[in-house]
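Chain by chain, the residues run as shown.
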Amino acid sequence: MDSVMPDFVDFFSDTKTRPTPAMRAVMAGAEVGDERAGEDPSVNRLVERCAALLGKPAALFLPSGTMCNEIALAVHCRPGDEVICDRTSHLIGFEGGGPAALAGVMLNPLTGDRGRFDAGQLAAALRPDRPYAPRQRLVEVEQTANLGGGTIWPLAQLQAVAAAAHGRGLLTHMDGARLLNAAVATGVSAADYARDFDSVWIDFSKGLGAPGGAILAGSAEFIHEANRLKLRWGGAMRQSGIIAAACDYALDHHVERLADDHANAAALARGIAQIAGLEIDLASVETNLVYFAVMHAGFDAPRLCAALLDRGVRMGEMGPRTVRAVTHLDVDAAAVDKALAALRELLA
Ligand SMILES: *Cc1c(COP(=O)(O)O)cnc(C)c1O
């Protein structure tokens, strides 16, 4: 797209980042070996580094965040078990039915506040162990909550939810696709957010700007079983140190700068709030995801996104009147200005 339109700006997703020249240089020079045999030094170093970052005894390199979620569900649960999550959870609408097809679990969706339920809501969903009911086994949270608006779970709320789960014998899993966005936004460490969770993962292909890769972390026993599924499902790679080197580079150079993405998202949101025909709750924009409503006689979300695309600005339609814009490594303050100018022109 950008090859035909030089100043094209892409707010569709933070997955649209491309490896920077410096990241590519590090990849080209990466020390590699046979990952599947445990012989890739770059992967091994990344795994050790991320276990420490996430405060867990063990970790595993996987191709994607989706595989982290699906493997975690399958290790924690038996077929027929119930997983409790928010109704906006990535598990429900974006993983190809994996929870049903791969782990064979039931999902029990709760209606949280912008993707975040509380301990009281969880307690209300917990049942006595009845032979006719699915076994309730796992509580899943997303930090940040993607379809919730990039919202951040407060640490105390996570701790209360995990305590309610553990108190009834359930396990806990954190989808940390954007955990580092939350950590940068609040100053609470990733390890502190993940402390009460039996498993957690981070994604390198979102705002961190690597071409792929994710790290799943947990206890040594959990990771031992997760590695078995990694091999069974064909997730083991060979000289994947090429990718791990990009992830390692991203941890060095692309974490603190997530604050720039948050500032750009806030600026975009403030501009949107000034445009008649668009509605946004400024307080809801906590990190790099900006959701707004198109309440204009001439435009719904699909028509607005199509018209923006004609002007070299891509955003995502998330519903008949809902648009999502995501800030990341490849969109700067000038891109925000361009997007706002296009919106003003269209809706004037
Ligand atoms: C992107 C995303 C995933 C999946 O990660 P991939 O690396 O794209 O497979 C899972 N959960 C959330 C909240 C995400 O945003």
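Remember, it's a predicted structure, so these values are computed and weren't measured experimentally.

Chemist: If you had to explain the site of the ligand to someone new, which residues and values would you point to?
Modeler: Close contacts around the ligand come from 15 residues, with Gly65, Thr66, Asp175, Asp203 and Lys206 the closest. Taking glycine 65, its main chain carries an N or O atom lying 2.8 Å from an oxygen atom of the ligand. Coverage of the ligand by the protein amounts to 88% of the 380 Å² it exposes when considered alone. Within the residue set of the shell around the ligand, elements represented by two or more residues are helix H3 (65–76) and strand S7 (199–203). If you tally residues by element for the shell around the ligand, the top one is H3, at three residues. Taken together, the residues that form the shell around the ligand break down as two nonpolar, seven polar and six charged.

Chemist: Describe the sheet that holds strand S3 (residues 82–86), naming the residues involved and giving the relevant values.
Modeler: By definition, the strands of a sheet pair up through backbone hydrogen bonds, in either a parallel or an antiparallel sense. Spatial strand order, S2-S8-S7-S6-S5-S3-S4: seven strands in an open sheet with mixed pairing. Every interior strand has two partners, whereas the edge strands, strand S2 (58–62) and strand S4 (106–110), have only one. Mean inter-strand twist for the sheet, computed between neighbouring axes without regard to direction, equals 20 degrees. Sheet topology places S3 next to strand S5 (residues 136–142); three bridges connect them, and they run parallel. Considered in S5, the bridge of glutamate 82 is made with glutamine 136.

Chemist: How would you explain the pattern of salt bridges if you had to name every residue and give the values?
Modeler: By the definition in use, this model includes 19 salt bridges. As a salt-bridge pair, aspartate 330 and arginine 18 come within 3.4 Å of each other at their nearest N and O atoms. Residue aspartate 330 is located in the loop between strand S13 (322–326) and helix H15 (333–347), and its partner arginine 18 is located in the loop between strand S1 (9–10) and helix H1 (21–28); the two are separated by 312 residues in the primary sequence. The closest approach of N and O atoms between glutamate 345 and arginine 311, which form a salt bridge, is 3.1 Å. On the criterion of sequence distance, the pair formed by glutamate 345 in helix H15 and arginine 311 in the loop between helix H14 (301–310) and strand S11 (313–314) is long-range, its members being 34 residues apart. One network of salt bridges, in which partners are shared, links Arg49, Asp248 and Asp252.

The rules behind the values
Residues numbered from 1 in each chain as written. Predicted model: local features only at pLDDT ≥ 70, side-chain atom pairs only at ≥ 80, totals over all residues. Heavy atoms only, no water. Near = heavy atom within 4 Å. Polar contact = N/O pair within 3.5 Å; in protein donor to acceptor, adjacent residues only side chain to side chain. Areas by Shrake-Rupley, 256 points an atom, 1.4 Å probe, with all protein chains shown as cover. Helix = DSSP H or I, 4+ residues; strand = E, 2+ residues; numbered from the N terminus. Nonpolar A, V, L, I, M, F, W, Y, C, P; charged D, E, K, R; others polar. Pairing = 2+ DSSP bridges. Axes fitted to C-alpha atoms, helices over the stretch in contact; angles between N-to-C directions. Salt bridge = Lys/Arg side-chain N within 4 Å of Asp/Glu carboxyl O.

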